[in-house]
Amino acid sequence: SQTIHQWPATLVQPVGSPLSLECTVEGTSNPNLYWYRQAAGRGLQLLFYSIGIGQISSEVPQNLSASRPQDRQFILSSKKLLLSDSGFYLCAWSPVDGSGANVLTFGAGSRLTVL
Amino acid sequence: GQSLEQPSEVTAVEGAIVQINCTYQTSGFYGLSWYQQHDGGAPTFLSYNALDGLEETGRFSSFLSRSDSYGYLLLQELQMKDSASYFCAVTASGGSYIPTFGRGTSLIVHP
């Protein structure tokens, strides 16, 4: 069966520090991968998605970046965090099954607080 | 662009039935999904509708009317554990088939 791992679960970072969140998927090949952000009490905002190694699409211009160095690994990074980067970051994957349903399976999330 | 509207909060009592509505605007509509998220947790998939009508999965049902750009999630025999946020999400060609989420509805179930 497929599983998705995301870490770290919680982190507190000072403004201006770098960030690296990692996500890996097991039990599937060539998944679509996503990074969403959820501010407190808000919906999910798509940040990045990837349909393959090295193929990243950015939905929101900001100081974050994403990389997909391996088929089942997705990394969210920042060189210098802003206060507004605080939030709950969720990695997700969906199968490439041609159904169009694009059912997302989310990781447990990473709660980032920037001070 | 795409937009979705759903109520911010709904309250109900244990054992009751509750309906959470979702209206959407998008181009190239493909389907409507529903996700559940408990406090501090990750969203989990509940249901998906691509065609008009009702889809039933246990105590949960989801309805879609493509002509009205409208759907709802129906929860029956409410339990305390159903207290959570519920998100509708639209999949459309205009959005590269990537789910775009509404702001979520907080369901509070009282004893």
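Computed from a prediction, not measured in an experiment: that's the story for all the values here.

Asks: Any details on the side chain of S78(A)? Residues and values, ideally.
Replies: All names here are of chain A. Locating S78 in the fold gives a position in strand β8 (residues 73-78). Here K80 takes part through its backbone nitrogen, which lies 3.3 Å from a polar atom of the side chain of S78. Among residues more than four places away in sequence, those in contact with S78 are P18, L19, N63 and L64.

Asks: Could you give an account of the pattern of salt bridges, with specific residues and numbers?
Replies: Following the criterion strictly, the structure yields three salt bridges over all chains and no others. Among the salt bridges present, the one from D71(A) reaches R68(A), with a minimum N-O distance of 3.2 Å. We classify R68(A) as buried; its relative accessible area is 3%. The shortest N-O distance in the salt bridge between R59(B) and D82(B) comes to 2.8 Å. Of this pair, R59(B) sits in the loop between β6 (53-57) and β7 (60-65) while D82(B) sits in the loop between β8 (70-75) and β9 (84-92), and the two are 23 residues apart along the sequence. The exposure class of D82(B) is buried, given its relative accessible area of 2%.

Asks: Go over unusual backbone geometry, please, and point to the residues and values.
Replies: Residue P8(A) follows W7(A) across a cis peptide bond; omega there is 0°. Its identity as a non-glycine residue notwithstanding, N30(A) has a phi of 50°, on the positive side. Residue N30(A) is classed as partly exposed on the basis of its relative accessible area, which comes to 37%. The phi torsion at S69(B) lies on the positive side, around 50°, for a residue other than glycine. You can see S69(B) is positioned in the loop between β7 and β8.

Asks: For the sheet that holds β8(A), give the residues involved together with the corresponding values.
Replies: In a beta sheet, neighbouring strands pair by backbone hydrogen bonds and run either parallel or antiparallel. Residues and elements named next belong to chain A. The four strands lie next to each other as β1-β3-β8-β7, forming an open sheet whose pairing is antiparallel. Each edge of the sheet is formed by a strand with only one pairing partner; in this case those strands are β1 (3-7) and β7 (64-70). The mean inter-strand angle of the sheet, taken between neighbouring strand axes irrespective of direction, is 15°. Here five bridges tie β7 to β8, and the two strands are oriented antiparallel to one another. Looking across to β8, one finds that A66 is bridged to L76.

Asks: I'd like a description of the interface of chain A and chain B, backed by residues and values.
Replies: The partner chain B presents 19 residues to the 20 residues of chain A that form the contact. Inspection of the region where chain A meets chain B yields zero salt bridges. At the boundary of chain A and chain B, one finds four residue pairs in polar contact (both at pLDDT 80 or more). Of all the secondary-structure elements, those providing two or more residues to the side of chain A that touches chain B are β4 (32-38), β5 (44-52) and β9 (87-94) of chain A. Split into classes, the residues belonging to the side of chain A that touches chain B amount to twelve nonpolar, six polar and two charged.

Asks: How would you summarise the environment of L47(A) if you had to cite specific residues and measurements?
Replies: Residues and elements named next belong to chain A. Within the fold, L47 resides in strand β5. A sequence separation of eleven residues divides L47 from Y36, and the C-alpha atoms of the two residues are 5.3 Å apart. In this structure L47 touches W35, Y36, R37, S57, S58, E59, V60, Q62, L64, L76 and Y89, once residues within four positions along its chain are discounted.

Asks: How would you sum up the packing of aromatic side chains? Please name residues and give values.
Replies: Enumeration over the complete set of coordinates arrives at 14 aromatic pairs over all chains. When the centroid spacing of 5.9 Å and the interplanar angle of 55° are considered together, the rings of Y36(A) and F106(A) count as tilted. Here Y36(A) is found in strand β4, whereas its partner F106(A) is found in strand β10 (residues 105-106), with 70 residues between them in sequence. Note on Y36(A): relative accessible area 0%, which makes it buried. One aromatic cluster in this structure is built from Y34(A), Y36(A), F106(A), Y35(B), F45(B), F87(B) and F101(B). The ring of F88(A) has R111(A) lying over it, and the distance from NZ or CZ to the ring centre is 4.2 Å.

Asks: I'd love a proper account of the sheet that holds strand β1 (residues 3-5) of chain B, names of residues and values included.
Replies: Residues and elements named next belong to chain B. Spatially, the five strands line up as an open sheet ordered β1-β3-β8-β7-β6, and their pairing is antiparallel. Edge positions in the sheet fall to β1 and β6, since each of these pairs with one other strand and no more. The sheet shows a mean angle of 20° between the axes of neighbouring strands, direction not considered. Here five bridges tie β6 to β7, and the two strands are oriented antiparallel to one another. Across the sheet, residue G53 finds its bridge partner in β7, namely L64.

Rules behind the numbers
- Once a new chain begins, its residue numbering starts again from 1 and follows that chain's sequence as written.
- Starting at A for chains and at 1 for ligands, labels are handed out in the order in which the entities are written.
- Local features in a predicted model are, by the rule used here, given only for residues with pLDDT of at least 70; side-chain atom pairs are given and counted only at 80 or more, and totals for whole chains, interfaces and linings are based on all residues.
- The side-chain quantities take in all heavy atoms of the structure and omit both hydrogens and water.
- Every helix listed is a DSSP run of H or I at least four residues long, and every strand listed is a run of E at least two residues long, numbered separately from the N terminus.
- N or O atoms within 3.5 Å of each other form a polar contact, as long as, within protein, one can give a hydrogen and the other can take it, and as long as residues adjacent in sequence are counted only when both atoms are side-chain atoms.
- Throughout, a residue-residue contact means that at least one pair of heavy atoms, one from each residue, lies within 4.5 Å.
- Just to be clear on terms, a salt bridge is a Lys or Arg side-chain nitrogen sitting within 4 Å of an Asp or Glu carboxyl oxygen.
- Burial here depends on accessible area, computed with a 1.4 Å probe over protein chains only, as a share of the maximum for the residue type. Under 20% is buried, over 50% is exposed, and the range in between is partly exposed.
- Note on pairing: DSSP must find at least two bridges between two strands before they are called paired.
- Structural elements are reduced to axes, namely lines fitted to C-alpha atoms, with helices fitted over the stretch in contact, and the angle between N-to-C directions of any two is expressed from 0 to 180 degrees.
- For this scheme, ten residues count as nonpolar: Ala, Val, Leu, Ile, Met, Phe, Trp, Tyr, Cys and Pro. Four count as charged, namely Asp, Glu, Lys and Arg, and the remainder, Gly too, count as polar.
- Each Phe, Tyr or Trp ring, with Trp reduced to its six-membered ring, pairs with another whose centre is within 6.5 Å; inter-plane angles below 30 degrees give stacked pairs, above 60 give edge-to-face pairs, and intermediate values give tilted ones.
- Definition used: whenever NZ (Lys) or CZ (Arg) falls within 6 Å of the ring centre and also within 35 degrees of the ring normal, the charge is taken to sit over that ring.

By themselves, these are just geometric observations and shouldn't be taken as functional.
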